[in-house]
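# Observations on chain architecture
Given next are the chains, with one letter for each unit.
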Amino acid sequence: MSAEGSGEESGEEDGPGVREGVERSSGDPKVLLTMNAVLSTWFAWMVVWGLDFLGAASLTAVNVATLAIILFGVTYVVALR
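None of the values given here were measured: they were computed from a predicted structure. (Residues numbered from 1 in each chain as written. Predicted model: local features only at pLDDT ≥ 70, side-chain atom pairs only at ≥ 80, totals over all residues. Heavy atoms only, no water.)

In terms of regular secondary structure, the chain is built from three helices and zero strands. Helices and strands in the chain line up, N terminus first, as α-α-α. Buried residues in the chain amount to 9% of all 81 residues. Taking all contacts inside the chain whose residues are at least 6 apart in sequence as the whole, residues at least 24 apart take part in 47%. (Helix = DSSP H or I, 4+ residues; strand = E, 2+ residues; numbered from the N terminus. Buried < 20%, exposed > 50% of the residue type's maximum accessible area, 1.4 Å probe, protein only. Contact = heavy atoms within 4.5 Å.)

Now the structure itself:
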C-alpha cells in the first residue's frame, strides 16, 4: 500500500486527535484517587519490604500504612499544583 491509500497524511487528520481529547478531559477524580491509593500502597509495601530485608525496619501493616498515607498525600498535593 502506498502512503496515499493508507489514509495517513503528513500531520493532517480528519477529526480531533487524541491530544485534543486528553487536553479537554478533566478525568474522573475518583479514578485518580483510587489509582493514587493503590499505587502508593504498593510502593510503600515494596519500600518497607526492602527496608525489612536490609534490617532497617520491620514489615508491619502500620509501617506500610504510614508510608502509604505519606506518599498519597505528597502525590495528591503535587498533582493538584
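That was the structure; now back to the text.
Turning to helix α2 (residues 29–54), a few remarks are in order. Think of an α-helix as 3.6 residues a turn; residues three or four steps apart then line up on the same face. Across its 26 residues, α2 extends 37 Å between first and last C-alpha, which sits within 8% of the 38 Å expected from 1.5 Å per residue. Those residues of α2 that are buried are in contact with α3 (61–80). Positive phi appears at G55, one or two residues downstream of α2, with a value of about 85°. (Expected span 1.5 Å × (residues − 1).)

In this approach, a probe sized like a water molecule rolls over the atoms, and the result shows the empty space that is left. Its boundaries defined by the atoms lining it, the largest pocket holds a volume of some 200 Å³. In terms of lining residues, the largest pocket is bounded by P29, L32, L33, N36, T75, Y76, A79 and L80. At the level of elements, α2 and α3 are the ones that each hand at least two residues to the lining of the largest pocket. (1 Å grid on protein atoms, 1.4 Å probe; cavity = no way out; pocket = protein on both sides within 12 Å on 5 of 7 lines; lining within 4 Å. Points joined across faces, edges and corners; volume = space filled by probe spheres on them.)

Before going further, it helps to examine the side chain of S40. Among the secondary structure elements, S40 is positioned in helix α2. Of the residues examined, S40 reaches a relative accessible area of 6% and is grouped as buried. Ignoring anything within four residues of it in the chain, the contact list for S40 reads A68, L71, F72 and T75.

On the surface, a nonpolar cluster with roughly 980 Å² of combined accessible area is contributed by W42, F43, W45, M46, W49, L51, F53, L54 and L59. Among the secondary structure elements, F43 is positioned in helix α2. Taking the relative accessible area as the measure of exposure, F43 reaches 45% and is therefore partly exposed. (Patch = residues over 30% accessible without salt bridge, like charges linked within 9 Å, V, L, I, M, F, W, Y side chains within 5 Å. Areas by Shrake-Rupley, 256 points an atom, 1.4 Å probe, with all protein chains shown as cover. Salt bridge = Lys/Arg side-chain N within 4 Å of Asp/Glu carboxyl O.)

Evaluation of the coordinates by the stated rule reveals two aromatic pairs. Look at W49 and F53: their rings are 5.6 Å apart centre to centre, the planes differ by 20°, and that puts the pair in the stacked class. Pair noted here: W49 and F53 are both in helix α2, with a separation of four residues, about one helical turn. Classification of W49 as partly exposed rests on a relative accessible area of 40%. An angle of 10° between the planes, with centres 6.3 Å apart, marks the rings of F72 and Y76 as stacked. Here F72 pairs with Y76, and both are found in helix α3, just four residues apart, close to one helical turn. For F72, a relative accessible area of 27% corresponds to the partly exposed category. (Phe/Tyr/Trp six-rings, centres within 6.5 Å; stacked < 30°, edge-to-face > 60°.)

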